[in-house]
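# Inside the fold
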Amino acid sequence: GGYGFELLQNVSEEFIVAFTGLPQAERAGIVWRRTVFPASEYPTVSSLQEALVEKYGPPHLAANQEGYYSLGHRRGTVTYSWVYDTRQLPIAASDSALRSRCVNGPRPRFQRQMSWNSACGITVRAEIVPAAGNAVLAGELNVVVMDQKRFDDAVRQFDLDLKAAIEAQHAGKGAAPDL
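First, a word on what this report is: a plain description of the structure on this page. Per chain, residues are indexed from 1 in the order of the written sequence. With pLDDT at 70 or above as the cut-off, local features in this predicted model cover only qualifying residues; side-chain atom pairs require 80 or more to be listed or tallied, and sums for whole chains, interfaces and linings still use all residues. With hydrogens and water set aside, each side-chain value is computed from the structure's full complement of heavy atoms.

## Digging into the overall build of the protein
- Each helix is a run of H or I in the DSSP string that is no shorter than four residues. Each strand is a run of E no shorter than two, and both are numbered from the N terminus. Along the backbone of the protein there are 3 helices and 6 strands.
- Going residue by residue from the N terminus, the α and β elements of the protein occur as β-β-α-β-β-α-β-β-α.
- Exposure classes here rest on a 1.4 Å probe applied to the protein chains alone. A residue is buried below 20% of its type maximum, exposed above 50%, and partly exposed in between. For the protein, the residues scored as buried account for 32% of the 179 residues in total.
- We call two residues in contact when some of their heavy atoms are within 4.5 Å. Intrachain contacts of the protein at a sequence separation of at least 6 include 60% that bridge at least 24 residues.
- A total accessible area of about 11700 Å² is found for the protein, and carbon and sulfur atoms account for 54% of it. Where accessible areas are quoted, they stem from the Shrake-Rupley method and a 1.4 Å probe; at the residue level, only the protein chains shown are allowed to cover.

## Examining the nonpolar core
- Leu-48, Leu-52, Trp-82, Ile-128, Leu-141 and Val-143 are the most contacted members of the largest nonpolar core, which has 14 residues in total.
- Of all the secondary-structure elements, those providing two or more residues to this core are helix H1 (45-56), strand E4 (78-85), strand E5 (120-131) and strand E6 (134-147).
- Not counting residues up to four positions away in its chain, the partners in contact with Val-143 are Val-31, Trp-32, Arg-33, Leu-52, Tyr-56, Pro-108, Val-124, Arg-125 and Ala-126.
- Within this scheme, the nonpolar core is defined by two criteria: the residues are buried Ala, Val, Leu, Ile, Met, Phe, Trp, Tyr or Cys, and they are joined through side-chain atoms within 4.5 Å. Judged by nonpolar contacts, the second largest core, of 7 residues, contains Val-83, Leu-98, Cys-102 and Cys-120.

Okay, structure coming up:
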């Protein structure tokens, strides 16, 4: 039919990338990665935590339950977050309002609807889902990386560019209708 996507079954590695920009000028704005580990290859939760710290540095926020900084936290998961301001400096714990807005933008697991805030810079969120019945082993890892300010700017620019392209395509194609 061509009007929908078939859901893939039994996928162990999934990447979703959101792009902005007109053709030939596209830019990746958000990247989600979902890894579902085979039961015979479950890593330990602690080994994933160590790997995340090695890649992104010590997390700015960590949560294992719903709380002020982790709205939408999935029960039983461990979530690490790295949040930066628009100058790409870590957001200080003393700036709890900005920290809260930034950490609650992109969700680690891809969702149809999400939010972002132009007052925030790079945000990385990682969610470790323990294996069923064994909190020491990890069954799934979800990670999102996004520069919220850049993405917001790019979405706004894309809207302007798209309108300009449509107007240019239709320029001079007939007089205005008689209303």
